[in-house]
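Listed below are the residues making up each chain.
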Amino acid sequence: MTFAPADIDRANVAPRGAEFPQVFGRRLVDEGLIDAHGLQRALRAMAATGERFDHVLTKLGLISESDLFAQLAAHLGNAPVSPEEMPAAPVLPDLIELKFVQRHGALPLACDDRRLLVATSDPLNDEPLKALAYLVERPIEARVITPVEFERAVVALYRRDAQSDFDEAISLRGDGA
């Protein structure tokens, strides 16, 4: 699906939109990935904590990250990233900095005259895609990638720089010492 801000149905996409949790939650129940009790539990937790619905689902252990992202991709009309779409080298590295890629979970996969193909680890946040569309002056075609797959891909593509940045972030949080 090509990213075009005017084409997005905000009620179904906005992670904090009033209707999104019900609409997306019903999809998960219909697909048999969570039950009605689990949906109600997630809705209560979301209301109590103010966290996004998709984050609450995985934190409560109601759905695996891979199942969640597959359903988000289908719900949003975006395909998951396929192994064939992964680039052999960073795409537009002189224009799109590694810090932007890491901070926003937006990994450029391919660029041509028609569009920039981007894998996003946060498919409910369209701001980085808008920024990239503006930067490259092309429409964005989004793919969905899990955060774990995203991190692996970034480290593989950017190698030493990415691993150093991830290691530095972990040490600053105090998780790695």
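Refer to the preceding data block for the structure.
Residues numbered from 1 in each chain as written. Predicted model: local features only at pLDDT ≥ 70, side-chain atom pairs only at ≥ 80, totals over all residues. Heavy atoms only, no water.

Focus on the pattern of salt bridges
Should their charged atoms come close, side chains of opposite charge can pair.
Step number 1: On inspection of all chains with the given rule, the structure shows 9 salt bridges.
Step number 2: Measuring nitrogen to oxygen at the nearest pair gives 2.8 Å for the salt bridge that ties Glu-85 to Arg-143. One end of the pair, Glu-85, is in the loop between β2 (79-80) and α6 (98-104); the other, Arg-143, is in strand β5 (residues 140-144), with 58 residues separating them in the sequence. An identical accessibility class is assigned to Glu-85 and Arg-143; each is buried.
Step number 3: For Arg-143, the salt bridge goes to Glu-141, with nearest N and O atoms at 3.0 Å.
Step number 4: The structure contains a network of salt bridges with shared partners spanning Glu-85, Asp-112, Arg-114, Arg-115, Glu-141 and Arg-143. (Salt bridge = Lys/Arg side-chain N within 4 Å of Asp/Glu carboxyl O. Helix = DSSP H or I, 4+ residues; strand = E, 2+ residues; numbered from the N terminus. Buried < 20%, exposed > 50% of the residue type's maximum accessible area, 1.4 Å probe, protein only.)

Observations regarding the environment of Lys-130
Step number 1: Looking at the secondary structure, you find Lys-130 in helix α7 (residues 127-136).
Step number 2: Considered as a pair, Lys-130 and Ile-140 are 10 residues apart in the sequence and their alpha carbons are 8.0 Å apart.

All we've got here are geometric facts, nothing functional implied.
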